[in-house]
Amino acid sequence: MARAGLTADRLVAAAAELADEAGFANVTLSALARRFGVKDASLYSHIRNLQDLRTRLALLAGGEMIDEIAAAVAGRAGKDALAAFAGAYRAYALAHPGRYAATQIRLDQALVTDSPALRRTAEITYGMLRAYGLDEPDLTDAVRLLRSTFHGYCALEAGGGFGAPRDVQRSWERAIEALHVALENWPREEAAHD
């Protein structure tokens, strides 16, 4: 296959497909080059290295995920917004396991600040939580609770980790109800004053 038509965007899109098919850990420059029928070296005029590719993939996936979450939470507040947010998060994680794994990598803080998708993620997440009357430092703590709960549940579900006969969807709904109660009754911490 000719090299013509290779762009960073095409490479990242192909890496996203590869991640969902083979797993994020299997996204390599060699595997990507094989998809395009080129040598690894041909990729370097479009991406710097594997870390650059994986970072771009994380940003792409994060943007896709927050678009789905934003559409789900639009016009909702409180428990309805929380349930919609959680449902969209879970749906994306289960439908796109490799892309979702990419969203979990640690990114350089400068990239986070410069990324419109990641800024939008913070705006939507914090906006939903402000409906519970939360301010800093409670907002950060609540975000960490939600992220760890959603991520843990999705990881266990995707890996077949729920073996009990209880319906997984019903357990998910109960977990969201419990999170709603926790957020409504959040133990407020005063912001530190200098």
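Note that the structure is a prediction, hence the values are computed from the model and not measured.

Right, let's get into unusual backbone geometry. In this model, E136 is joined to P137 through a cis peptide bond whose omega is 5°. Summarising the element assignment, P137 is placed in the loop between α7 (116-130) and α8 (138-158).

To continue, consider the pattern of salt bridges. Scanning the entire structure with this criterion turns up 11 salt bridges. Two residues, R99 and E64, come together in a salt bridge whose shortest N-O distance is 2.9 Å. Linking R99 in helix α5 (residues 97-102) with E64 in helix α3 (residues 50-73), this pair joins segments that are 35 residues apart in sequence. For R99, a relative accessible area of 13% puts it in the buried group. Note on E64: relative accessible area 23%, which makes it partly exposed.

What follows deals with α8. For α8, which comprises 21 residues, the first-to-last C-alpha distance of 30 Å matches the rise-based estimate of 30 Å (1.5 Å per residue) to within 8%. Among all positions of α8, only D138, L139, A142, V143, L146, F150, Y153 and C154 are buried. One face of α8 carries all of its buried residues, which in axial projection span an arc of 135°. Check the buried side of α8 and you find it contacts α4 (78-95), α7 and α9 (168-184). Count one or two residues on from α8 and you reach G160, which has phi positive near 70°.

A cluster of like negative charges, contributed by D135, E136, D141, E189 and E190, occupies part of the molecular surface. Of note, E136 is situated in the loop between α7 and α8. Residue classification places E136 among the partly exposed residues on the basis of a relative accessible area of 37%.

The rules behind the values
Residues numbered from 1 in each chain as written. Predicted model: local features only at pLDDT ≥ 70, side-chain atom pairs only at ≥ 80, totals over all residues. Heavy atoms only, no water. Helix = DSSP H or I, 4+ residues; strand = E, 2+ residues; numbered from the N terminus. Salt bridge = Lys/Arg side-chain N within 4 Å of Asp/Glu carboxyl O. Buried < 20%, exposed > 50% of the residue type's maximum accessible area, 1.4 Å probe, protein only. Expected span 1.5 Å × (residues − 1). Arc of directions from axis to C-beta. Contact = heavy atoms within 4.5 Å. Patch = residues over 30% accessible without salt bridge, like charges linked within 9 Å, V, L, I, M, F, W, Y side chains within 5 Å. Areas by Shrake-Rupley, 256 points an atom, 1.4 Å probe, with all protein chains shown as cover. Lys, Arg positive; Asp, Glu negative; His and termini not counted. Charge placed at Lys NZ, Arg CZ, Asp CG, Glu CD.

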